[in-house]
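As a plain string of letters, each chain reads:
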Amino acid sequence: MFHKSYPQWYPARQSIRLDPKGKSLRDEEILQHLPVGTTATLYFKDLGPQIGWTMVFLTEYAGPLFIYFLFYFRMPFVYGLDDKLTSNPHPVVNLACICHSFHYIKRLIETIFVHRFSHGTMPLRSIIKNCLYYWGFAAWLAYYINHPLYTPPSYGQKQINFAVIMFLICEAGNFSIHVALSDLRRDGSKIRKIPYPTKNPFTWLFIFVTCPNYTYEVGAWISFTIMTQCVPVGLFTFLCFIQMTVWAKDKHYTYVREFKDYPSLRMPIIPFLL
C-alpha cells in the first residue's frame, strides 16, 4: 500500500519501525500481533537503492577471479618488465592460481545453485565498499605472488603439500556447510532453524561451533597463506578472521536468544575458545 502511494520507494528500500531508533519490522510480522495498543505510530526510513543478493555475490566474487588472472598472465602493463622476466619458474605460483581460482569459482557456483538468502537485497553503497575490499585485496596479493622476484616457501614442497591438503579439506568443509544450511530452507521458508550435523562428516563441526562455514573459510585462507608465504595474503586472512568473528558472534547470540534449547557446547567460530 505504501509503495502504491510512493512508487519510488519500492518494498526493498522500506524500513518500517515502531521506534525511530529501533529495529526494522520483518515482512512476515502482522500488525495485530505487534506490542502496540489500539493505535500505533510507524516510522519509515528509506534504505536507499538496493541490489539483489545474487547479483551482489556474483559481482564481489567474479572480480577477484579475473583480476588475479591479469597478474598471473603477466600483462605487460602490470610489471613492465622485459620478456625474459615474464615467466616465474616456481610451480607454487601456478598452484596458487589454481587454488585461488577454485575458491572463487566455488563461491560463484554456490551463489547460483546453493545459497538461499533470508534477506532479498543489499544497499548499493555496501556493494561498492565490499567490491573495493575484495577486488583491492585480490590485486594486492596477486601482484606479489605472481611477481618475477617472488620467492617460494621456506620449507619447500613439504610446506606446499601440507597447505594444499588443508586448503582442499577446508574448501570441501565450507561447501558442505553451505549445502546443509541451504537444506534448512529447501521449502523456501525464511524462518530461522537450528542447524545440526548430518551424515556428512564435514558438518560434524556443528557440534562445536555455530558458524563452521566461517571456520572452514578462515582455515582455507590460512592454508593459502602457508602455501604462498606471502605477507599480503596473511593480512587479508587476518582481516577475514576479524570480520567473520564479528558475524559469527552476532549469529551465535541471535540463536541463543531465539532458541532456549540451543546447544550450550557451541562457540561462535573456534571450538571451545571463541
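Just above sits the structure.
Residues numbered from 1 in each chain as written. Predicted model: local features only at pLDDT ≥ 70, side-chain atom pairs only at ≥ 80, totals over all residues. Heavy atoms only, no water.

Caption draft 1: Highlighting the environment of aspartate 250. Within the element layout of this structure, aspartate 250 appears in helix 8 (residues 231-258). Among the residues examined, aspartate 250 registers a relative accessible area of 52% and is labelled exposed. In this structure the C-alpha to C-alpha distance between aspartate 250 and proline 268, which are 18 residues apart in sequence, comes to 8.4 Å. (Helix = DSSP H or I, 4+ residues; strand = E, 2+ residues; numbered from the N terminus. Buried < 20%, exposed > 50% of the residue type's maximum accessible area, 1.4 Å probe, protein only.)

Caption draft 2: Examining the pattern of salt bridges more closely. Using the criterion set out here, one finds four salt bridges in the structure. Put simply, glutamate 171 and lysine 106 hold a salt bridge, and the shortest N to O gap is 3.8 Å. One end of the pair, glutamate 171, is in helix 6 (residues 156-183); the other, lysine 106, is in helix 4 (residues 91-113), with 65 residues separating them in the sequence. For the residue pair glutamate 171 and lysine 106, the accessibility class agrees, reading buried in each case. Note that glutamate 217 is salt-bridged to arginine 107, the shortest N-O span being 2.0 Å. Here glutamate 217 is found in helix 7 (residues 212-228), whereas its partner arginine 107 is found in helix 4, with 110 residues between them in sequence. Each member of the pair, glutamate 217 as well as arginine 107, carries the same accessibility label: buried. (Salt bridge = Lys/Arg side-chain N within 4 Å of Asp/Glu carboxyl O.)

Caption draft 3: Quick look at the nonpolar core. Grouped together as the largest cluster of nonpolar side chains are 47 residues, with contacts concentrated most on Tyr68, Tyr104, Leu141, Ile145, Phe224, Met227 and Phe236. Mapped by element, the contributors of at least two residues to this core are helix 2 (53-72), helix 3 (76-79), helix 4, helix 5 (124-145), helix 6, helix 7 and helix 8. Beyond its immediate chain neighbours, meaning those up to four positions away, phenylalanine 224 contacts Ala96, Cys99, His100, Leu141, Ile145 and Val233. (Core = buried A, V, L, I, M, F, W, Y, C linked by side-chain atoms within 4.5 Å. Contact = heavy atoms within 4.5 Å.)

Caption draft 4: Examining the packing of helix 4 against helix 7 more closely. At a minimum axis separation of 10 Å, helix 4 and helix 7 run at an interaxial angle of 165 degrees. In terms of axis orientation, helix 4 runs roughly antiparallel to helix 7. In terms of crossing hand, the pair formed by helix 4 and helix 7 is left-handed. Residues Val92, Leu95, Ala96, Cys99, His100, His103, Tyr104 and Arg107 of helix 4 pack against Glu217, Trp221, Phe224, Met227 and Thr228 of helix 7. Considering only residue class, the contact of helix 4 with helix 7 consists of eight nonpolar, three polar and two charged. (Axes fitted to C-alpha atoms, helices over the stretch in contact; angles between N-to-C directions. Parallel < 35°, antiparallel > 145°, perpendicular 65-115°, else oblique. Left-handed = near helix turned anticlockwise from the far one by under 90°. Nonpolar A, V, L, I, M, F, W, Y, C, P; charged D, E, K, R; others polar.)

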